[in-house]
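Structure at a glance
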Amino acid sequence: MTAKQRREQLIDIGRTLFAERGFDGTSIEEIAARARVSKPVVYEHFGGKEGIYAVVVDREMEQLLDSITTALSSEGHPRVLLEQAALALLDYIETSTDGFRILVRDSPVASSTGGFASLISDAASQVEHLLAEEFANRGFDAGHAPMYSQMLVGMVALTGQWWLEVRSPDKRVVAAHLVNLAWNGLAGLEGDPHIDQAEHTTSS
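Quick caveat, the model's predicted, so the values are computed rather than measured. (Residues numbered from 1 in each chain as written. Predicted model: local features only at pLDDT ≥ 70, side-chain atom pairs only at ≥ 80, totals over all residues. Heavy atoms only, no water.)

Now for the confidence of the model for the protein. Here the protein averages 88 in pLDDT, while 91% of its residues score no lower than 70. Confidence scores differ between elements of the protein, with helix 7 (residues 116-137) showing the lowest mean pLDDT of 85 and helix 2 (residues 28-35) the highest of 97. (pLDDT = per-residue confidence, 0-100. Helix = DSSP H or I, 4+ residues; strand = E, 2+ residues; numbered from the N terminus.)

The next thing to look at is the environment of Ser38. Tracing the chain through its elements places Ser38 in the loop between helix 2 and helix 3 (39-46). Here the alpha-carbon distance between Ser38 and Asp98, two residues 60 residues apart in the chain, equals 25 Å.

The full count for this structure, using the stated rule, is six aromatic pairs. Here the aromatic rings of Phe18 and Tyr53 are separated by 4.8 Å at their centres, their planes lie at 75 degrees, and the arrangement is edge-to-face. In this pair, Phe18 is assigned in helix 1 (residues 3-21) and Tyr53 in helix 4 (residues 49-73), connecting sequence segments 35 residues apart. Grouping residues by exposure puts Phe18 and Tyr53 together as buried. Considering the side-chain rings of Phe135 and Tyr148, the 5.2 Å spacing of their centres and the 80 degrees angle between planes classify their relative orientation as edge-to-face. Placement of the pair is Phe135 in helix 7 and Tyr148 in helix 8 (residues 145-166), with a sequence separation of 13 residues. Phe135 sits in the buried class, given a relative accessible area of 12%. Classification of Tyr148 by relative accessible area gives partly exposed; the value is 39%. Through a chain of ring-to-ring contacts, three or more aromatic side chains come together here, namely Phe18, Phe23 and Tyr53. (Phe/Tyr/Trp six-rings, centres within 6.5 Å; stacked < 30°, edge-to-face > 60°. Buried < 20%, exposed > 50% of the residue type's maximum accessible area, 1.4 Å probe, protein only.)

Cis geometry marks the peptide bond from Ser168 to Pro169, where omega comes out at 0 degrees. Note on placement: Pro169 falls in the loop between helix 8 and helix 9 (171-184). Despite not being glycine, Arg36 has its phi angle at roughly 60 degrees, a positive value. Looking at the element boundaries, Arg36 is found in the loop between helix 2 and helix 3.

The next subject is the UniProt feature "DNA-binding region" (unreviewed entry) in the protein. Look at the UniProt record and you will see "DNA-binding region" (unreviewed entry) annotated at residues 27-46. Here residues 27-46 runs as 80% helix and 0% strand, with 13 Å between its end C-alpha atoms. (UniProt positions renumbered as here; feature names shortened; annotations may be inferred.)

As a further point, take helix 7. Given a rise of 1.5 Å per residue, 22 residues ought to cover 32 Å, and the 32 Å separating the end C-alpha atoms of helix 7 matches this to within 8%. Taken together, the buried positions of helix 7 are occupied by Phe116, Leu119, Ile120, Ala123, Ala124, Val127, Leu130, Leu131, Glu134 and Phe135. Turning to helix 7, the residues buried within the fold contact helix 4, helix 5 (78-95), helix 6 (97-104), helix 8 and helix 9. The positive-phi residue at the C-terminal boundary of helix 7 is Gly139, with phi of around 80 degrees. (Expected span 1.5 Å × (residues − 1). Contact = heavy atoms within 4.5 Å.)

Below, the discussion takes up the UniProt feature "domain: HTH tetR-type" (unreviewed entry) in the protein. What UniProt calls "domain: HTH tetR-type" (unreviewed entry) maps, in this numbering, to residues 4-64. Helix makes up 82% of residues 4-64 and strand 0%, and the two end C-alpha atoms of the span are 24 Å apart.

In this section: the nonpolar core. One finds Ile31, Val42, Leu72, Leu82 and Leu103 to be the most contacted residues of the largest nonpolar core, which totals 60 residues. The biggest single contributor to this core is helix 4, with eleven residues. Sequence-distant contacts of Leu72, that is, excluding residues within four places in its chain, are made with Leu81, Leu82, Ala85, Gln126, Val127, His129 and Leu130. (Core = buried A, V, L, I, M, F, W, Y, C linked by side-chain atoms within 4.5 Å.)

All right, on to the pattern of salt bridges then. The final tally for this structure, using the stated rule, is twelve salt bridges. Between Glu94 and Lys171 there is a salt bridge, with its nearest N and O atoms 2.6 Å apart. A residue pair is termed long-range when its members are at least 10 positions apart, and Glu94 in helix 5 and Lys171 in helix 9 qualify at 77 residues. Exposure remark for Glu94: the relative accessible area of 38% places this residue in the partly exposed category. (Salt bridge = Lys/Arg side-chain N within 4 Å of Asp/Glu carboxyl O.)

Below is the structure:
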C-alpha cells in the first residue's frame, strides 16, 4: 500500500468503528488491528484517534452541506427548493448512514468545521435568504428570517435523526410532509402532500 492508500484505509476503518461505537468506544488498538498494522503506523498518519475522527467528521460535514447547498442554489419556487433540501438530507442519511450517525453524536473533538450544531447553522444560513425574500414578498419583517431559518433547519435535522432509525415512510413522503408543515403551518396542513406538488404552486 502507498502512504495515501494506507491513510484512506485507516480513515474508512475509523469511520466504521466510530459509527458503531462512538468516539469513546473506539481505540487506536482496534483501528490498527483491523488495518493489520502496528499502532505507530496510525500515529504516524494522524497523531492519534482524534486526528482520524476530525478527518472523518470534516469529510461527512462537507458532503452533507454541499448537497444541501446545491439543492438550495437551483432555480425554482422557494417551496420546491425547501423540498429539495429536505430530500438531500434524507438522501445523505440513506446513502451515508455511518457518516450521519457520527455527525449526530456528541464528540470531545473539535474539527475544523465544528460539530453538527455548526452544520445546522451553516445550512440555516443557506435557507435564510430564501425566507427573507419570501417574507419581503408577503410584507413580513425580513429581519425575522434568520430566526425562522434556524427553526426550519432544526426541524428537518431532528426529523432526519428520527428517520435514521425507523426508515419509514419513504424519504420522499417524509420530505413532502416536512415541507407541508413548514410551508403551511398546522392550520393549513394539506391532507396528502407530495414532493412535486409545489412545482404547480406559485403563490401559496
